[in-house]
Amino acid sequence: MSDKVSRPHLHDLYRWDGGEYVFEAELIDYIAQPVISPETPDLTADPDLPDCWWATLRESLDALSTAEPPRETIRQSWADRVFPEFLGIPAPAIAERVTGHADLQWANLTHDPLVILDWERWGAVPIGYDPAMLYVNSLRVPAVADRIRTEFAHVLDTPAGRIGEQIALAEMLQAAGRGWYVELAPLLRRRAEELTEVRPPAPAHPTA
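Just so you know, these numbers come straight off a predicted model, no measurement behind them.

Draft legend 1. View of the overall build of the chain. Of regular secondary structure, the chain possesses seven helices and four strands. Of the regular secondary structure in the chain, the N- to C-terminal order runs β-β-α-α-β-β-α-α-α-α-α. Whereas a compact globule of 208 residues would reach a radius of gyration of roughly 17 Å, the chain reaches 17 Å, a difference of no more than 12%. Scored against the burial criterion, the 208 residues of the chain give a buried share of 46%. The long-range fraction of contacts in the chain, counting pairs at least 24 apart against all pairs at least 6 apart in sequence, stands at 70%. For the chain, the computed accessible surface area is about 11,200 Å², with 52% contributed by carbon and sulfur atoms. For the chain, the separation between the mean place of its 18 positive charges and that of its 33 negative charges on side chains is 6 Å.

Right, here's the structure in full:
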């Protein structure tokens, strides 16, 4: 992965196999600056991030997009199952992918200087999925949501980018159906309707 991706560097890896159980520990850089939203993945207040923070985020995602992915993170079979239930539409074919973080939300991003944390899911994701996930996690703070749409318009405002945003919305609405994101859920549903021109199905009672 390119050094232009702002992430902790891995210094050592220890793996222990005890028969039935396997444990793995990583030694990475110590990160002094706090994450932007330690309590919840979605944003609740404007963190007032400087322009250099946004520039680093763009550069990081651009550099990451060309890395060799270790896995395919968002599967077509998942989309085929979840889209009708939570967006009320058939899933589109996921034809275009790039390498992405796959969990780009505010609990995984530090204040300036930016460091992107939690790389457990990274792999091949639909185009636009990473910035779309950050965008839908920002809907409670319109100024930040608007900034994301401006910074990543070249991706989000394309046909492939709109599919990436639909996938991010489907994933978040699935989580809301399990009882997460109570305050964010109505905004997710409104944005889904704006994007697809179809009102999402009425939410069921949260399930475990």
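Draft legend 2. Region of interest: a nonpolar patch on the surface. Where nonpolar side chains cluster on the molecular surface, the patch consists of Tyr 14, Trp 16, Tyr 21 and Phe 23 and spans about 500 Å² of accessible area. Inspection of the secondary structure assignment puts Trp 16 in strand 1 (residues 10-17).

Draft legend 3. Seen up close, the packing of aromatic side chains. Summed over the entire model, instances satisfying the criterion amount to four aromatic pairs. Ring geometry for Trp 53 against Trp 54: centres 5.0 Å apart, planes inclined by 75 degrees, an arrangement best described as edge-to-face. Here Trp 53 and Trp 54 have matching classes, each one buried. Ring centres of Trp 53 and Trp 106 lie 5.9 Å apart, and the angle between their planes is 15 degrees; this geometry places the pair in the stacked category. One end of the pair, Trp 53, is in helix 1 (residues 51-64); the other, Trp 106, is in the loop between strand 3 (97-100) and strand 4 (123-126), and 53 residues separate them in sequence. Trp 106 sits in the buried class, given a relative accessible area of 0%. Feature note: the residues Trp 53, Trp 54 and Trp 106 constitute an aromatic cluster, connected by ring pairs. Directly above the ring of Tyr 135 sits Arg 149, whose terminal nitrogen or CZ lies 4.7 Å from the centroid.

Draft legend 4. Just the nonpolar core, in detail. Among the nonpolar cores identified, the biggest contains 54 residues, and Trp 53, Leu 57, Trp 106, Leu 109 and Val 136 are the most heavily contacted of them. Taken together, the elements giving at least two residues each to this core come down to helix 1, helix 2 (76-86), helix 3 (129-136), helix 4 (142-151), helix 6 (159-177) and helix 7 (185-196). When residues in this core are grouped by element, the largest group, seven residues, is from helix 6. For Val 136, the contacting residues outside a window of four places in its chain are Ala 168, Leu 169, Met 172, Leu 184 and Leu 188.

Draft legend 5. Representation of the environment of Phe 152 in the model. Here Phe 152 lies in the loop between helix 4 and helix 5 (153-156). The exposure class of Phe 152 is buried, given its relative accessible area of 4%. For the pair Phe 152 and Gly 128, spaced 24 residues apart in sequence, the C-alpha to C-alpha distance is 8.5 Å. What Phe 152 contacts, discounting residues up to four positions off in sequence, is Leu 57, Arg 58, Leu 61 and Pro 131.

Draft legend 6. Seen up close, the packing of helix 3 against helix 4. Look at helix 3 against helix 4: their axes get within 9 Å of each other, and the N-to-C directions meet at 165 degrees. Accordingly, the angle class assigned to the pair helix 3 and helix 4 is roughly antiparallel. Seen along the crossing, helix 3 lies across helix 4 with a hand that is left-handed. Every residue of helix 4 that contacts helix 3 at Pro 131, Leu 134 and Tyr 135 is listed here: Ala 145, Ile 148 and Arg 149. Class assignment of the residues belonging to the contact of helix 3 with helix 4 gives a composition of five nonpolar, no polar and one charged.

Draft legend 7. Summary view of the packing of helix 1 against helix 4. Helix 4 packs onto helix 1 with a crossing angle of 50 degrees between their chain directions and a minimal axis gap of 11 Å. What the angle tells us is that helix 1 and helix 4 run oblique. Seen along the crossing, helix 1 lies across helix 4 with a hand that is right-handed. Touching Asp 51, Trp 54 and Arg 58 of helix 1 are Val 144, Arg 147, Ile 148 and Glu 151, all from helix 4. Broken down by class, the residue content of the contact of helix 1 with helix 4 amounts to three nonpolar, no polar and four charged.

What counts and how
- Residues numbered from 1 in each chain as written.
- Predicted model: local features only at pLDDT ≥ 70, side-chain atom pairs only at ≥ 80, totals over all residues.
- Heavy atoms only, no water.
- Helix = DSSP H or I, 4+ residues; strand = E, 2+ residues; numbered from the N terminus.
- Rg over C-alpha atoms; globule rule 2.2 N^0.38 Å.
- Buried < 20%, exposed > 50% of the residue type's maximum accessible area, 1.4 Å probe, protein only.
- Contact = heavy atoms within 4.5 Å.
- Areas by Shrake-Rupley, 256 points an atom, 1.4 Å probe, with all protein chains shown as cover.
- Lys, Arg positive; Asp, Glu negative; His and termini not counted.
- Charge placed at Lys NZ, Arg CZ, Asp CG, Glu CD.
- Patch = residues over 30% accessible without salt bridge, like charges linked within 9 Å, V, L, I, M, F, W, Y side chains within 5 Å.
- Salt bridge = Lys/Arg side-chain N within 4 Å of Asp/Glu carboxyl O.
- Phe/Tyr/Trp six-rings, centres within 6.5 Å; stacked < 30°, edge-to-face > 60°.
- Lys NZ or Arg CZ within 6 Å of the ring centre and 35° of its normal.
- Core = buried A, V, L, I, M, F, W, Y, C linked by side-chain atoms within 4.5 Å.
- Axes fitted to C-alpha atoms, helices over the stretch in contact; angles between N-to-C directions.
- Parallel < 35°, antiparallel > 145°, perpendicular 65-115°, else oblique.
- Left-handed = near helix turned anticlockwise from the far one by under 90°.
- Nonpolar A, V, L, I, M, F, W, Y, C, P; charged D, E, K, R; others polar.

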